[in-house]
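# Residue-level structure breakdown
This is what each chain is made of:
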Amino acid sequence: MYSKEEAFQIRKKFWTSFGRYMKLQSSASGEEVNWINYKTGIKELYFKTDVDNKSARIAIEISLKDREMQELMFEQFEEYLPLFESTVGEDWIWFRSFYDENGKEISKIELRLEKVSIFREENWSEIIGFFKENLLKLDEFWDIVKDSFEIFK
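The model shown is predicted, which means the values in this text are computed figures rather than measured ones. (Residues numbered from 1 in each chain as written. Predicted model: local features only at pLDDT ≥ 70, side-chain atom pairs only at ≥ 80, totals over all residues. Heavy atoms only, no water.)

### Describing the overall build of the protein chain
Stated precisely, the cut-off is as follows: Counting from the N terminus, the helices are DSSP H or I runs at least four residues long and the strands are E runs at least two residues long. Only C-alpha atoms enter the radius of gyration, while the globule expectation follows 2.2 Å times N to the 0.38, with N the number of residues. Using a 1.4 Å probe on the protein chains alone, a residue whose accessible area is under 20% of its type maximum counts as buried, one over 50% counts as exposed, and one in between counts as partly exposed. By definition in these notes, contact holds between two residues if any of their heavy atoms fall within 4.5 Å. Only the protein chains shown count as cover for residues, with accessible areas throughout obtained via the Shrake-Rupley method and a probe of 1.4 Å.
When helices and strands are tallied, the protein chain shows 4 helices and 4 strands. Ordering the α and β elements of the protein chain from the N terminus gives α-β-β-α-α-β-β-α. The C-alpha atoms of the protein chain give a radius of gyration of 16 Å, which matches the 15 Å a tight globule of 153 residues would have. With respect to the three principal axes, the spread of C-alpha positions in the protein chain is 45 × 35 × 25 Å. Expressed as a percentage of the 153 residues in the protein chain, the buried residues total 41%. Look at the contacts in the protein chain between residues 6 or more apart in sequence, and 62% of them connect residues 24 or more apart. Carbon and sulfur atoms provide 49% of the accessible area of the protein chain, an area that totals close to 9,100 Å².

Below, the structure is given as structure tokens:
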């Protein structure tokens, strides 16, 4: 078991390592990207990465204040399902309604890598590889479809 400070330092070291590794990667459009804090350009639409002591996750999170608009944005993603699956993969799990850690109802599309831990440094290369491969695919998909989400700006 780690103290709060030790756990904080391990997380900080992991995310710093990941950030340095991904800094060399350009986006599908050739632009420099902050892969840890990916900007979609659409308010309340986030591409998130997370890792804890059990799994690593990449998620598209839709958390609009207006639930009807959130539904519309989720449906917009569903319209692109064939393209999404051919670009990003078929293993993603789609949640029209999901309650986040704060109890807020969001929509989410998520991919998980199970049985890895941020606290086992020997897992880091697998986690970083998972994030890199899938973030690059997600970025490629987003580069193709982002213009059709302009209505949500």
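### Describing the sheet that holds strand 4 (residues 105–114)
Note the cut-off: We treat two strands as partners when DSSP finds at least two bridges between them. To obtain an axis, a line is fitted to C-alpha atoms, over the contacting stretch when the element is a helix, and the angle between two such axes runs from 0 to 180 degrees between their N-to-C directions.
Read from one edge of the open sheet, 4 strands run 1-2-4-3, paired in antiparallel fashion. In this open sheet, the two strands that pair with only one neighbour each are strand 1 (45–51) and strand 3 (93–99). Ignoring which end each strand starts from, the neighbouring axes of this sheet average 30° apart. Two strands pair when backbone bridges link them, and strand 3 and strand 4 are joined in this way by 5 bridges, in the antiparallel orientation.

### Some details on unusual backbone geometry
Backbone geometry places Glu44, a non-glycine residue, at a positive phi of 70°. Relative to the assigned elements, Glu44 resides in the loop between helix 1 (4–22) and strand 1. Of the residues examined, Glu44 reaches a relative accessible area of 14% and is grouped as buried. The backbone phi angle of Lys115 is positive, close to 65°, even though this residue is not glycine. Tracing the chain through its elements places Lys115 in the loop between strand 4 and helix 4 (124–145).

### Quick look at the pairing of strand 1
Residues Leu45, Phe47, Thr49 and Val51 line the buried face of strand 1, whereas the alternating positions Tyr46, Lys48 and Asp50 sit on a face that is not buried. By the bridge criterion, 7 bridges tie strand 1 to strand 2 (residues 55–62) in an arrangement that is antiparallel. By the bridge assignment, Lys48 is partnered in strand 2 with Ala59. In this antiparallel pair of consecutive strands, strand 1 and strand 2, the connection spans 3 residues.

### Some details on the pattern of salt bridges
Counted only if it meets this: A side-chain nitrogen of Lys or Arg and a carboxyl oxygen of Asp or Glu constitute a salt bridge if their distance falls within 4 Å.
Evaluation of the coordinates by the stated rule reveals 16 salt bridges. One salt bridge connects Lys65 with Glu44, and the closest N-O pair in it is separated by 3.2 Å. Here Lys65, found in the loop between strand 2 and helix 2 (67–79), pairs with Glu44, found in the loop between helix 1 and strand 1; they are 21 residues apart in sequence, far enough to count as distant. For Lys65, a relative accessible area of 69% translates into the label exposed. The partner of Asp52 in a salt bridge is Arg57, with the nearest N and O atoms 3.4 Å apart. Here the residues in one salt-bridge network are Arg67, Glu71, Glu75, Glu78, Arg96 and Glu105, joined through shared partners.

### Focus on the nonpolar core
Selection criterion: Take the buried residues of types Ala, Val, Leu, Ile, Met, Phe, Trp, Tyr and Cys, join any two whose side-chain atoms come within 4.5 Å, and each joined set is a nonpolar core.
Ranked by size, the top nonpolar core spans 42 residues in total, and within it Phe14, Met73, Phe77, Phe131 and Trp142 carry the most contacts. For this core, the element with the most residues is helix 4, which contributes 10 residues. In contact with Phe14, other than residues within four places in its own chain, are Val51, Ile118, Trp124, Ile127, Ile128 and Phe131.

Scope: geometric values only; no functional claims are made or implied.
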